[in-house]
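Working through the structure, step by step
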Number of protein chains: 2
Amino acid sequence: MPIVFSFSNDNFIANKVASNLNFKRGNATIRHFPDSESYVKLNSEVKNEDVILINSLDHPDRKAMALLFFADVAKEYGAKSIGLICPYLGYMRQDKRFHDGEAISSDIFAKFLSQHLDWLITVDPHLHRYKALEEIYSIPTRVVHATLPIAQWIIDNVHNPYLIGPDEESTQWISEVAKLTHAPFVILEKIRRGDRDVTVSVHDMEQYREHTPVILDDIISTAQTMIETAHQLNAIGLKPPICIGVHPIFAANSYQTLINAPIAKVVSSNTIPHASNAIDVSPLITEALKAYLND
Amino acid sequence: MPIVFSFSNDNFIANKVASNLNFKRGNATIRHFPDSESYVKLNSEVKNEDVILINSLDHPDRKAMALLFFADVAKEYGAKSIGLICPYLGYMRQDKRFHDGEAISSDIFAKFLSQHLDWLITVDPHLHRYKALEEIYSIPTRVVHATLPIAQWIIDNVHNPYLIGPDEESTQWISEVAKLTHAPFVILEKIRRGDRDVTVSVHDMEQYREHTPVILDDIISTAQTMIETAHQLNAIGLKPPICIGVHPIFAANSYQTLINAPIAKVVSSNTIPHASNAIDVSPLITEALKAYLND
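Residues numbered from 1 in each chain as written. Chains lettered and ligands numbered in written order. Predicted model: local features only at pLDDT ≥ 70, side-chain atom pairs only at ≥ 80, totals over all residues. Heavy atoms only, no water.

Considering all chains together, one arrives at 20 salt bridges over all chains under this definition. Linking R97 of chain A and E76 of chain B is a salt bridge whose minimum nitrogen-to-oxygen distance equals 2.9 Å. Of this pair, R97 of chain A sits in the loop between strand 6 (81-86) and helix 3 (105-116) while E76 of chain B sits in helix 2 (residues 60-76), each in a different chain. Overall, R97 of chain A belongs to the partly exposed group, its relative accessible area being 25%. With a relative accessible area of 48%, E76 of chain B lands in the partly exposed category. (Salt bridge = Lys/Arg side-chain N within 4 Å of Asp/Glu carboxyl O. Helix = DSSP H or I, 4+ residues; strand = E, 2+ residues; numbered from the N terminus. Buried < 20%, exposed > 50% of the residue type's maximum accessible area, 1.4 Å probe, protein only.)

After a rotation of 180° and a shift along the axis of 0.0 Å, chain A superposes on chain B with an RMSD of 0.0 Å. Both copies of the chain, as the preceding transformation shows, are related through a two-fold rotation axis. (Least-squares fit on C-alpha atoms with pLDDT ≥ 70 in both.)

This part covers the interface of chain A and chain B. Chain A puts 47 residues into the contact, and the matching count from chain B is 47 residues. Between chain A and chain B lies a buried interface of about 4,000 Å² when both sides are counted; carbon and sulfur atoms form 53% of it. Taken as a group, P34, E37 and D61 of chain A account for 16% of the area that chain A buries against chain B, more than any other trio of residues on that side. Summed over the shared surface of chain A and chain B, the number is six salt bridges. At the junction of chain A with chain B, the criterion picks out 25 residue pairs in polar contact (both at pLDDT 80 or more). Of all the secondary-structure elements, those providing two or more residues to the side of chain A that touches chain B are strand 3 (28-32), strand 4 (38-42), helix 2 (60-76) and helix 3 of chain A. With 10 residues, helix 2 of chain A is the single largest residue contributor to the side of chain A that touches chain B. For the side of chain A that touches chain B, a count of residues per class yields 20 nonpolar, 12 polar and 15 charged. (Contact = heavy atoms within 4.5 Å. Buried area = accessible area lost by both parts, 1.4 Å probe. Polar contact = N/O pair within 3.5 Å; in protein donor to acceptor, adjacent residues only side chain to side chain. Nonpolar A, V, L, I, M, F, W, Y, C, P; charged D, E, K, R; others polar.)

Another aspect to go through is the confidence of the model for chain A. Scored by pLDDT, chain A has a mean of 94; 95% of the residues are at 70 or more. Across the interface, the model reports ipTM at 0.94; the global pTM reads 0.94. (pLDDT = per-residue confidence, 0-100.)

Residues L113 of chain A together with L113 of chain B are the most contacted members of the largest nonpolar core, which totals 82 residues. When neighbours within four sequence positions are excluded, L113 of chain A is seen to be in contact with L57, L67, L84, L89, L120, Y137 and I139 of chain A. (Core = buried A, V, L, I, M, F, W, Y, C linked by side-chain atoms within 4.5 Å.)

Looking now at the sheet that holds strand 7 (residues 119-123) of chain A. Residues and elements named next belong to chain A. Judged by pairing direction, the sheet is parallel, and its six strands sit side by side in the order 2-1-5-6-7-8 without closing on themselves. Because the sheet does not close on itself, it has two edges, and the strands there are strand 2 (24-25) and strand 8 (141-144). Both strand 6 and strand 7 contribute to a ladder of four bridges, which runs parallel. Looking at the pairing, I85 lines up with I121 of strand 7. Lying on the sheet, helix 2 is in contact with strand 1 (3-6), strand 5 (50-54) and strand 6; it crosses strand 6 at an angle near 155°. Where helix 8 (residues 282-294) meets the sheet, its contacts fall on strand 5, strand 6, strand 7 and strand 8, and the angle it forms with strand 7 comes to roughly 155°. (Pairing = 2+ DSSP bridges. Axes fitted to C-alpha atoms, helices over the stretch in contact; angles between N-to-C directions.)

Residues and elements named next belong to chain A. Domain boundaries assigned for chain A yield domain 1 (3-145 + 281-294) and domain 2 (147-270). For domain 1 versus domain 2, the separation of C-alpha centres amounts to 28 Å. The largest per-residue losses of area from domain 1 upon contact with domain 2 belong to Y88, D124 and H126, which jointly make up 38% of the total buried on that side. Applying the counting criterion to the domain 1 and domain 2 interface returns zero salt bridges. On inspection of domain 1 and its partner domain 2, the count reaches seven residue pairs in polar contact (both at pLDDT 80 or more). For the side of domain 1 that touches domain 2, a count of residues per class yields seven nonpolar, three polar and two charged. (Domains from an automatic or database assignment.)

Residue and element names in this part refer to chain A. Read from one edge of the open sheet, six strands run 10-9-13-14-15-16, paired in parallel fashion. Since the sheet does not close on itself, it has two edges, and those belong to strand 10 (185-187) and strand 16 (277-279), each with one partner. Adjacent strand axes in the sheet meet at a mean angle of 30°, parallel and antiparallel pairs treated alike. Pairing of strand 9 (residues 161-165) with strand 10, which is carried by three bridges, proceeds in the parallel orientation. Among the inter-strand pairings, I164 is bridged to a residue of strand 10, identified as V186. Those strands touched by helix 4 (residues 147-157) are strand 9, strand 13 (212-220), strand 14 (242-248), strand 15 (265-269) and strand 16, and its axis lies near 155° from that of strand 14. Its contacts with the sheet put helix 5 (residues 171-181) on strand 9, strand 10, strand 13 and strand 14, and the angle it makes with strand 9 is roughly 170°.

What follows concerns the packing of aromatic side chains. A complete count under the given rule lists 17 aromatic pairs over all chains for this structure. Residues F5 of chain A and F70 of chain A carry aromatic rings whose centres are separated by 5.3 Å and whose planes lie at 70° to one another, so their mutual orientation is edge-to-face. In this pair, F5 of chain A is assigned in strand 1 and F70 of chain A in helix 2, connecting sequence segments 65 residues apart. Accessibility assignment for this pair places F5 of chain A and F70 of chain A in one class, buried. Grouped by ring-pair contacts, the aromatic residues F69, Y91, F109 and F112 of chain A together with F69, Y91, F109 and F112 of chain B constitute a single cluster. Lying across the ring of F33 of chain A, R31 of chain A places its NZ or CZ 5.1 Å from the centre. The ring of Y39 of chain B carries R31 of chain B above its face, with NZ or CZ at 4.9 Å from the centroid. (Phe/Tyr/Trp six-rings, centres within 6.5 Å; stacked < 30°, edge-to-face > 60°. Lys NZ or Arg CZ within 6 Å of the ring centre and 35° of its normal.)

Once that is clear, we can look at unusual backbone geometry. All names here are of chain A. Positive phi is not limited to glycine here, since N48 has a value of about 60°. Locating N48 in the fold gives a position in the loop between strand 4 and strand 5. Phi at A252 is positive, roughly 45°, even though this residue is not glycine. Tracing the chain through its elements places A252 in the loop between strand 14 and helix 7 (254-259). Exposure remark for A252: the relative accessible area of 72% places this residue in the exposed category.

What follows concerns the pairing of strand 1 of chain A. Residues and elements named next belong to chain A. Residues I3 and F5 of strand 1 are buried on one face, and the alternating residues V4 and S6, pointing to the opposite face, are buried as well. Of the pairings in the sheet, the one linking strand 1 to strand 5 comprises four bridges and is parallel in character. From the neighbouring strand, S6 faces strand 5, where its bridge partner is I54. Strand direction decides the pairing type here: strand 1 and strand 2, joined by two bridges, are parallel. Each bridged residue has a counterpart across the sheet, and for V4 the counterpart in strand 2 is R25. After leaving strand 1, the chain enters helix 1 (residues 11-21) and then returns to the sheet as strand 2, a path that is right-handed. (Right-handed = clockwise from strand over helix to strand, strands pointing away.)

Shown next as structure tokens:
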């Protein structure tokens, strides 16, 4: 019977997945020494077991060595396989060489994970120039889409929604949520000049003055895209928008900045634990894991 | 001709080594995105070059992915070899399984570095249960000892020194500095109960009341060993000691705590850039590198 471990931040999903599937719940100590080095200790037997680790890979540098230590020691103690469920998969944004000399970190990180793990399941990875994880991961991967629970949350909570995708990358994904919610939608154009410098062009949206705008994005990091979009909606007289992100990274003080912007609410899925979490992805992850293990 | 790169913290040693040996100085951008992910870009040609990277591995989690990206992109651009000079080598302290289930991080980290690099030079690695880096590193390694410049600093700056090694691990090393300085020395016994809980036993030291105590340790992390030792020397009426560490990690606010203890001065080598640096290891590193490349 598989045994489910997690890094402490990911206990909620790990507990749900293990109890949904009646799997054993493993225990490991994962902490830092005062000098910041990582410490990993397995407290449960893994001999001949299929080990499943739940570890969201936001702030991947902080977690990569501990993940490596975990995979190595689990193999040393005789684990039959080690699979990773990372509700958020980091290092997907540098998906090409924008300038000569750049390391394509998505590709190198994929090689690193592929070397130490047997399979990977994630939620809505940032697939932009890559069409599928198979292009960079050499281990089996499965992708879970949060569109269904997000659409359900909108149906349950938003009156007369008008969906707004902040850039072209969100097209397919916004159109899917629009189909499920029967809501109108628009995709904006984003011009990125640097990490924090984003402008968004807004056309022809005045007809939606009576709607509740819902801005949807996969990753909220600096929140600049959301904030800029909210100000533009405000300028043309739309209602304060609801901001939904699948992956609430919220770098530095960006969450505080976002909730001080002219918006109604911030909502996220629990791929990364955060105060804004309102959409639970653990049922989807459970299904995907069950399907993968049955294959 | 070899080309020397460095992470920004290590520019001083990189500049010294490159100019001492008349090697090219390479330039790379190594920074973090707002979401904390690492970004690496080579700004100098490396095709058919022997690449040397200076990167001290204190806070190794923060640097390991960038190091991986650097090594990978340098190979992709045709580097002939990639060597690492890490003045401080992290992950050497978990050198055995103290409790069942623990990952032996020294060994796993050594495998990780050995896989991505061609050779490694470091200064006084924390060799306790391992006798040599070869036990865990599969690439050629060279170890530089800071004993000579430390002894020289003591000769130049300390009147009538009395050397104090805080634990058995320091025996060989303290005795070497004692030989070079012709100073008396003592090795204390350390009992470690947890990361920050250290007591030290002090015997028969009253005869050194007119000496200047010099406490020597390889790593200063929480500084608890130094602080506890200083208080005990104080209690038996010795002068305030000079505290010398090869590797000034200084976790959290430990440097402030140490300089507020009954001590005269804190001095360190520049294996990790820090306000206490007074002993330059770059001549030693230069020599070791020259000898290695000539072999």
